[in-house]
Amino acid sequence: MAWFKRKEKGIQTSTEEKRDTPKGLWYKSPTGKVVDSEELAKNFYVSPEDGYHVRIGSKEYFEILFDEGEFKELDKNLTSKDPLKFEDSKKYVDRLKAAKEKTGLKDAVKTGVGKSKGKDLVIACMDFSFIGGSMGSVVGEKIARAADYSLKNNVPFMIISKSGGARMMEAALSLMQLAKTSAKLAQLADAGIPYISLCTDPTTGGTTASFAMLGDINIAEPGALIGFAGPRVVRDTTGKDLPEGFQTSEFLLEHGFLDFISHRKELKNRINLYIDLIQNQPIRA
């Protein structure tokens, strides 16, 4: 005899009474580790199970790097236009509108100035969630203006790269940003103002070919994808087989393209340590 017997067939709970599990309570890393989202945030968005650095945006980086997460945003109302009237499967203006609504951002980079360990620091941080962190005219202009702010106020400058490359919807106008941003960084170098570059996952295309590799100190997060072109393009161009993991931060560090790799929880201390060393000033605790 059965231990129990259902009196009524079928599920009796009405649709209105059903309870869904709220989204965002858990995060599953690419290695299959499941982490509580609150625990993940407390651990600098790094999986405590396997050390995987979860992709985060400017909001989270500013919280990590600025004291108390407080900063003044620079050029926050600068937005992209559509000078080429570009259209593929969708109009560029429609893509911009959708990206703004989805992310709450104006473009793929946010710039700000605030205190980091008690001293001013200007940061330009890219957001991959906005059209793949693509580098358009506004991205180049905001980085250039942030560099101008550093130059005028003699404040160290940092760029956090997270990009799929140049923005194809702006064609040559996008490619011009490589030269513009590189020229501004050269002005900082001439003035003796430190520039720190942090490469995160992914840093590819035009960003790698310009400001991402021009730092006085070039840093990366563990396991970040860093490269100019994809493996197939590199293989076809060079005609050679590529070593395993040749576009990871660890490979680039081993071959001299990076100065060091930093765990995210150590990032704030290490950046300010190197700024103090570069400027030959007392090291902050």
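Residues numbered from 1 in each chain as written. Predicted model: local features only at pLDDT ≥ 70, side-chain atom pairs only at ≥ 80, totals over all residues. Heavy atoms only, no water.

(A) Just the overall build of the protein chain, in detail. Counting its secondary structure elements, the protein chain contains eight helices and ten strands. With 285 residues in all, the protein chain has 41% of them scored as buried. Once local pairs closer than 6 in sequence are excluded, the contacts in the protein chain between residues at least 24 apart make up 66%. As presented, the protein chain carries roughly 15,900 Å² of accessible surface, and 53% of it is formed by carbon and sulfur atoms. (Helix = DSSP H or I, 4+ residues; strand = E, 2+ residues; numbered from the N terminus. Buried < 20%, exposed > 50% of the residue type's maximum accessible area, 1.4 Å probe, protein only. Contact = heavy atoms within 4.5 Å. Areas by Shrake-Rupley, 256 points an atom, 1.4 Å probe, with all protein chains shown as cover.)

(B) Layout of helix α4 (residues 137-153). Counted at 1.5 Å a residue, the expected span for α4 with its 17 residues is 24 Å, and the 24 Å between its end C-alpha atoms agrees. Looking only at α4, the buried set comprises Val138, Val139, Gly140, Lys142, Ile143, Ala144, Ala146, Ala147 and Ser150. Buried-residue contacts for α4 involve β3 (72-74), β4 (109-116), β5 (119-126), β6 (157-163) and α5 (171-191). One or two steps after α4, the chain reaches Asn154, where phi turns positive at roughly 55°. (Expected span 1.5 Å × (residues − 1).)

(C) Here's a closer look at a nonpolar patch on the surface. There is a patch of nonpolar side chains on the surface, built from Leu25, Trp26 and Val34 and spanning about 320 Å² of accessible area. Summarising the element assignment, Leu25 is placed in the segment before β1 (26-28). Exposure remark for Leu25: the relative accessible area of 39% places this residue in the partly exposed category. (Patch = residues over 30% accessible without salt bridge, like charges linked within 9 Å, V, L, I, M, F, W, Y side chains within 5 Å. Salt bridge = Lys/Arg side-chain N within 4 Å of Asp/Glu carboxyl O.)

(D) Fine view of the packing of aromatic side chains. By the definition in use, this model includes five aromatic pairs. Arranged with centres 5.3 Å apart and planes meeting at 55°, the rings of Phe62 and Phe66 form a pair that is tilted. Neither residue differs from the other here; Phe62 and Phe66 are each classed as buried. Summarising the aromatic geometry, the rings of Phe66 and Phe71 are spaced 5.5 Å apart at their centres and angled 20° between planes, so their arrangement reads as stacked. Residue Phe71 is classed as partly exposed on the basis of its relative accessible area of 32%. Each member of the aromatic cluster is reached from another via a ring pair, and the members are Phe62, Phe66 and Phe71. Note that Arg55 overlies the ring of Phe128, its terminal NZ or CZ placed 4.7 Å from the centroid. (Phe/Tyr/Trp six-rings, centres within 6.5 Å; stacked < 30°, edge-to-face > 60°. Lys NZ or Arg CZ within 6 Å of the ring centre and 35° of its normal.)

(E) Focus on the side chain of Asn272. Looking at where Asn272 falls in the secondary structure, it is placed in helix α8 (residues 267-278). At 2.9 Å, the side chain of Asn272 forms a polar contact with the side chain of Ser116. Polar contacts involving the side chain of Asn272 include one to the main-chain carbonyl oxygen of Lys268, which spans 2.9 Å. The contacts of Asn272, once residues within four sequence positions are left out, are Ser116, Lys117 and Arg284. (Polar contact = N/O pair within 3.5 Å; in protein donor to acceptor, adjacent residues only side chain to side chain.)

(F) View of the pattern of salt bridges. This structure, assessed with the given rule, holds 14 salt bridges. Note that Glu170 and Arg167 form a salt bridge whose closest N and O atoms lie 4.0 Å from each other. Taken individually, Glu170 and Arg167 each receive the classification buried, so the pair is uniform in this respect. Ionic pairing is found between Asp236 and Arg232, a salt bridge with its closest N-O pair at 3.8 Å. Linking Asp236 with Arg232, this pair stays in helix α6 (residues 231-238), spanning four residues, or about one helical turn. Each of the two residues, Asp236 as well as Arg232, counts as exposed. Connected through salt bridges with shared partners, the residues Asp75, Glu141, Arg145 and Lys180 form a single ionic network.

(G) Region of the structure containing unusual backbone geometry. Cis geometry marks the peptide bond from Asp201 to Pro202, where omega comes out at -5°. Of note, Pro202 is situated in strand β7 (residues 195-204). Backbone geometry places Lys85, a non-glycine residue, at a positive phi of 50°. Its place among the elements puts Lys85 in the loop between β3 and α3 (92-103). Since its relative accessible area comes to 67%, Lys85 is described here as exposed. Of note in the backbone geometry, Asn154 takes a positive phi value of approximately 55° without being a glycine.

(H) Structural detail: the environment of Lys28. Note on placement: Lys28 falls in strand β1. Owing to a relative accessible area of 58%, Lys28 belongs among the exposed residues under this scheme. Put simply, Lys28 and Lys42 are 14 residues apart on the chain and 16 Å apart in space, counted from C-alpha to C-alpha.

(I) Layout of the nonpolar core. Counting 27 residues, the largest nonpolar core has Val122, Val139, Ile143, Phe157, Ile159 and Phe211 as its most contacted members. Elements represented by at least two residues in this core include exactly α3, β4, β5, α4, β6 and α5. Here this core gets four residues from one element, more than from any other, and that element is α4. Here Ile159 is in contact with Ala124, Ile143, Tyr195, Ile196, Ser197, Leu198 and Phe211, once residues within four sequence places are set aside. (Core = buried A, V, L, I, M, F, W, Y, C linked by side-chain atoms within 4.5 Å.)

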